[in-house]
Amino acid sequence: VQLQASGGGLVQAGGSLRLSCAASGSIFSIRQMGWYRQAPDKERELVAAITSTDFTDYADPVKGRFTISKDSAKKTVYLQMDSLKPEDTDIYYCNADYYIDKGPLSRSWGQGTQVTVSS
């Protein structure tokens, strides 16, 4: 199973970016997909997650500014980031928790995508 992330870049403070992450491979069902971010020398932290039943969860710093959504048919998760702040600058990683046939729950990570917000 592979996750391919895209959509990062450089934007001015107050601007917007949309991240996408598509899962491919032998996935029976996806339980949850999410976005994390990590700054140098810091732990990776949850930004937002969405379950198969559309339950969403957001980190406090992004509530009201970021919106996570998904297209189940395309096995793709999106992160719409509005009102970006310089402190949102990080490498963003997507992940997916999924089942392959009747196997155990598995997790995969996408490659990071850099988001840089200039002041």
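Bear in mind the structure is a predicted one, so any value in this text is a computation, not a measurement.

1. Considering the overall build of the chain
Then, number 1: When helices and strands are counted, the chain shows 0 helices and 11 strands.
Then, number 2: Start at the N end of the chain and walk to the C end: the helices and strands fall as β-β-β-β-β-β-β-β-β-β-β.
Then, number 3: At 14 Å, the chain has a C-alpha radius of gyration in line with the 14 Å of a compact globule built from 119 residues.
Then, number 4: The dimensions of the chain, computed from C-alpha atoms along their principal axes, are 50 × 25 × 20 Å.
Then, number 5: Across the chain, the fraction of contacts at a sequence separation of at least 24, relative to all contacts at a separation of at least 6, is 53%.
Then, number 6: A total accessible area of about 6500 Å² is found for the chain, and carbon and sulfur atoms account for 48% of it.
Then, number 7: Taken together, the 13 basic and 13 acidic charged side chains of the chain have centroids lying 5 Å from each other.

Thresholds applied
- Residues numbered from 1 in each chain as written.
- Predicted model: local features only at pLDDT ≥ 70, side-chain atom pairs only at ≥ 80, totals over all residues.
- Heavy atoms only, no water.
- Helix = DSSP H or I, 4+ residues; strand = E, 2+ residues; numbered from the N terminus.
- Rg over C-alpha atoms; globule rule 2.2 N^0.38 Å.
- Contact = heavy atoms within 4.5 Å.
- Areas by Shrake-Rupley, 256 points an atom, 1.4 Å probe, with all protein chains shown as cover.
- Lys, Arg positive; Asp, Glu negative; His and termini not counted.
- Charge placed at Lys NZ, Arg CZ, Asp CG, Glu CD.

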